[in-house]
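# Secondary and tertiary structure notes
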Amino acid sequence: MLILGIFGGLVLLMLLGVPIAISLGLTAIGTMYWMGGTDLLIMFAQRAYFGTASFPLLAVPFFILAGNLMNTGGVTQRIFGVAQLCVGRIHGGLGHVNVIASMIFAGMSGSAVADAAGLGAVEIDAMTRAGYRRRFAAAITAVSSTIGPIIPPSIPFVIYGSLTNVSVGALFLGGIIPGLLMGLALMAVIAVVAKRQNLPRMLERPAGREALRVLLGALPSLAMPPIIVVGILTGVFTPTEAAVAATLYATILGVLVYRELKLSNLLEILWESAKQTVQVMFIIAAASPFGWVLIQQQVPNAVINAILSLSTTPWVILLMVNLILFVLGMFIEGIAIMIITFPIFLPLIAQIQVDPTHFGVVVVLNLMIGLVTPPVGMCLYAVSAISKVPMGEMFKEMWPYVLVLVAVLGVVTYCPAVTLWLPRLFGLVRG
C-alpha cells in the first residue's frame, strides 16, 4: 500500500500537469512528513544538496555550453556539409546526411536535445528545400538525435557514472559501437524508404577543389571528438576537465577560426546554457530525496523480490527491466528515471552478474528511445517546435525507425561484447 501511495501520488501530480522535478520533490516531502513529521524534513535539503554535490556532475553545464557554442559558432553547418559530401549523391541522400551529421555531432555535444535543436534547424531546412516532405525531414531529425548521448561524450553517461561510481571513460568507450549500430540501422530503413518513394538526391557532386574546401573547413570541428576521447583515455584530463576543454575548443572555433561567434552572442548563449543546466540539476536535486525515501521504505527490496518471484533467468529479468524503463521513458524525463530506479535495479543486476558498464549503456540507450516516444518525448517537442510539424504526424512517419532502435537495444542488451569490447581492449573493464 505504501508503494502504491508513493507512486500513486507521483503519477497524480504529473497527470495534473505539475513539472516532473516539482512532482518528485512534493512526493518526497509528503512521504518524509508521514515518516517522521517536520523533524525529518531537514533530510530533504540534505539529500537534495548531496545529490548535486558531485565533481563529475560539473561536466554537465560545460557540455551543455559547448553544444550551444557549436550551434551558434558555425560548427553545425560545416558538419552537415561534410556529411552531404559523403552520401548526398545516393537516393534519399539528405536522410543519410541527417544521420551521419548527428553521429559526428554526437562526438561533441553529449546531448540529444542539443543535436535536435542545433543541427535540426539546418537539416530540416536543407531537406525541405531539396524536395523532401517536411514530416519526413522532421522524423529523421528526431530519431537521429537519439544517437547524441550514446557516442561520447555523453551527459547521461556522466550522470550514470556519478551515481554508480562506474568509470565514465569506460562508459564513453562502451557507447561507441552501439551508437554506430544505431546510425547504420536508421540508414538501412532510410535506404528502403528512399527506394520505395524515389526520394531526391544531389544532382551534382562538388568539384575536387570545392570538396576539399568543405573538408578542410570542417577539419577543426572533426578534431574535437578524438581530442576528448583520447584525452580521457590517456589521462590527460578527467571527463569533467574534458567538458571544460570542449567548451574552450568550441569557443576558439567560433571566435577565431570560423569567426561566426560574436561577443554579442555570448550573453544569450550563457543564459540559455544556464537555464538548461538548472533544469537538469533541479531534476537531480528533487529526485535524490525521492530515491532516499524509496530506500528507507525498502521499496527496492520489495520490487526486487517481486521480479525474482516471476523469474530468476537473467535474460528474462533484463527484458522486464527494459520494458519498465521503456514505459517510464514515455512519461518521465530520463535523468529522473535513472535516479528513481537505480536503487532498485543496481542490486538486481548485481545478483544476475550483469556488468554495470554494460547495464549503463543499455539504460541510456533505452531512455534515449524514450525521447522520441509520445506523450513526453523531449526531442519530439524540440523538433516539432523547429519544424512546425505536429507531434502526432511526426510519430506516424517515424515509428519504423523507432522499431529498429528497439532492435538495436535488444542486440546491445543480449550481446554484452558489443558494449564491453572497447573498454576491455583499453583495460577499463575486466575481462
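Residue positions are given per chain, counting from 1 as you read along its sequence in written order. Two thresholds apply to this predicted model, a pLDDT of at least 70 for residue-level local features and 80 or more for giving and counting side-chain atom pairs, whereas whole-chain, interface and lining totals are computed over all residues. Only hydrogens and water are set aside; all other atoms, that is, all heavy atoms of the structure, feed into the side-chain values.

Buried and open spaces are told apart on a 1 Å grid over the protein atoms alone, a cavity being a set of points where a 1.4 Å probe fits but cannot get out and a pocket being an open set with protein on both sides within 12 Å along at least five of seven lines. Residues with an atom within 4 Å of a point are the lining residues. Grid points are joined across faces, edges and corners, and a volume is the space filled by probe spheres set on the points. Looking at the second largest pocket, its volume works out to about 340 Å³. Forming the walls of the second largest pocket are 15 residues, and the residues nearest its centre are R47, L163, S288, I339 and P343. Where helices and strands are cited, they refer to DSSP runs of H or I of at least four residues and of E of at least two residues respectively, numbered from the N terminus. Of all the secondary-structure elements, those providing two or more residues to the lining of the second largest pocket are α3 (42–52), α9 (155–164), α15 (263–296) and α18 (334–351). Take the lining of the second largest pocket: its biggest share by element is 5 residues, from α15. Considering only residue class, the lining of the second largest pocket consists of 9 nonpolar, 5 polar and 1 charged. Under the grouping applied here, Gly and all other residues not named as nonpolar or charged are polar, the nonpolar ones being Ala, Val, Leu, Ile, Met, Phe, Trp, Tyr, Cys and Pro and the charged ones Asp, Glu, Lys and Arg.

We now examine the environment of G377. Mapping G377 onto the fold places it in the loop between α19 (356–370) and α20 (378–387). The cut-offs for exposure are 20% and 50% of the maximum accessible area for each residue type, with area from a 1.4 Å probe on protein chains only; residues under the lower value are buried, those over the upper are exposed, and the others partly exposed. Judged by its relative accessible area of 0%, G377 is buried. Here a residue-residue contact requires only that any non-hydrogen atoms of the pair lie within 4.5 Å. Excluding its chain neighbours within four sequence positions, the residues that come into contact with G377 are G370 and L371.

Take empty space enclosed by the protein next. Tallied over the entire structure, the rule returns 1 cavity of 30 Å³ or more. Reported here for the largest cavity is a volume of approximately 50 Å³. Tallied by class, residues from the lining of the largest cavity come to 6 nonpolar, 3 polar and 1 charged.

Moving on, we come to the side chain of H358. Along the chain, H358 falls in helix α19. Excluding anything up to four places from it in sequence, H358 contacts V412, T413, P416, T419 and L420.

What follows concerns the pattern of salt bridges. Put simply, a salt bridge is a Lys or Arg side-chain nitrogen that is within 4 Å of an Asp or Glu carboxyl oxygen. Evaluation of the coordinates by the stated rule reveals 5 salt bridges. In this structure, the salt-bridge partner of R78 is E260, at a minimum N-O distance of 3.0 Å. Note that R78 is positioned in helix α5 (residues 75–87) and E260 in the loop between α14 (239–257) and α15, a separation of 182 residues in sequence. For E397, the salt bridge is made with R133, and the minimal N-O distance between the two is 2.9 Å. A residue pair is termed long-range when its members are at least 10 positions apart, and E397 in helix α21 (residues 391–414) and R133 in the loop between α7 (112–129) and α8 (134–144) qualify at 264 residues. Judged by relative accessible area, E397 falls into the buried class, the value being 10%. For R133, a relative accessible area of 37% corresponds to the partly exposed category.

Residues forming no salt bridge and having over 30% relative accessible area are the ones grouped into patches, like charges within 9 Å of each other and nonpolar side chains (Val, Leu, Ile, Met, Phe, Trp, Tyr) within 5 Å. Using a 1.4 Å probe, the Shrake-Rupley method yields the accessible areas, and only the shown protein chains count as cover for residues. On the surface, V113, V327, F331, V376, M378 and Y381 cluster together into a nonpolar patch covering about 490 Å² of accessible area. Tracing the backbone shows V376 in the loop between α19 and α20.

Another point: the packing of aromatic side chains. Given two aromatic rings, one states the distance between the centres and the angle between the planes to describe the pair. Whether two aromatic rings pair depends on their centres lying within 6.5 Å, for rings of Phe, Tyr and Trp, where Trp uses its six-membered ring; planes under 30 degrees apart make the pair stacked, over 60 edge-to-face, and the rest tilted. Considering all chains together, one arrives at 3 aromatic pairs under this definition. Summarising the aromatic geometry, the rings of Y49 and F50 are spaced 5.3 Å apart at their centres and angled 70° between planes, so their arrangement reads as edge-to-face. Note on accessibility: Y49 and F50 belong to one class, exposed. Measuring from centroid to centroid gives 5.1 Å for Y160 and F342, while their planes differ by 85°, and the two rings are edge-to-face.

This brings us to helix α12 (residues 208–222). Helical geometry note: an α-helix holds 3.6 residues per turn, so side chains three or four residues apart project in the same direction. Its 15 residues place the ends of α12 20 Å apart at the C-alpha level, agreeing with the 21 Å of an ideal helix rising 1.5 Å per residue. Here α12 has its buried residues at A211, V214, A218 and S221. Helix span, expected: 1.5 Å multiplied by one less than the number of residues in the helix.

This part covers the environment of L310. By secondary structure assignment, the location of L310 is in helix α16 (residues 299–310). The exposed category is assigned to L310, whose relative accessible area is 65%. Considering only alpha carbons, one finds L310 and P220, 90 residues apart in sequence, at a separation of 53 Å.

Here we take up the nonpolar core. We define a nonpolar core as any set of buried Ala, Val, Leu, Ile, Met, Phe, Trp, Tyr and Cys residues linked to one another through side-chain atoms lying within 4.5 Å. Within the largest apolar cluster, 137 residues are counted, with the highest numbers of intra-cluster contacts made by L24, I159, M398 and Y401. If sequence neighbours within four positions are ignored, M398 has contacts with A139, A142, V143, V372 and L380.

Before going further, it helps to examine the environment of A66. Considering the arrangement of structural elements, one finds A66 in helix α4 (residues 59–72). Take A66: its relative accessible area is 0%, and that puts it in the buried class. Along the primary structure A66 and P314 are separated by 248 residues, whereas in three dimensions their C-alpha atoms are 39 Å apart. In this structure A66 touches A246, T247 and A250, once residues within four positions along its chain are discounted.

Let us now look at the packing of helix α11 (residues 176–197) against α21. Angles here are taken between N-to-C directions and fall from 0 to 180 degrees, while the axes themselves are lines fitted to C-alpha atoms, restricted in helices to the stretch in contact. In the contact formed by α11 and α21, the axes pass within 9 Å of each other and the chain directions differ by 145°. Relative to α21, α11 is oriented so that their crossing is right-handed. Contact residues: P178, L181, M182, A185, L186, V189, I190 and V193 in α11; P400, Y401, V404, L405, V408 and V412 in α21. Considered class by class, the residues forming the contact of α11 with α21 number 14 nonpolar, no polar and no charged. Crossings are assigned a handedness: left-handed for a near helix turned anticlockwise from the far helix by less than a right angle, right-handed for a clockwise turn.

To continue, consider α7. Between its terminal C-alpha atoms α7 stretches 24 Å, which fits the 26 Å expected from 18 residues at 1.5 Å a residue. Throughout, the bend at a residue refers to the angle made by two axes, fitted to the seven residues ending there and to the seven starting there. If you look at α7, its biggest bend is around 50°, right at G120. Those residues of α7 lying buried are A112, A114, D115, A116, G118, L119, G120, E123, I124, A126 and M127.

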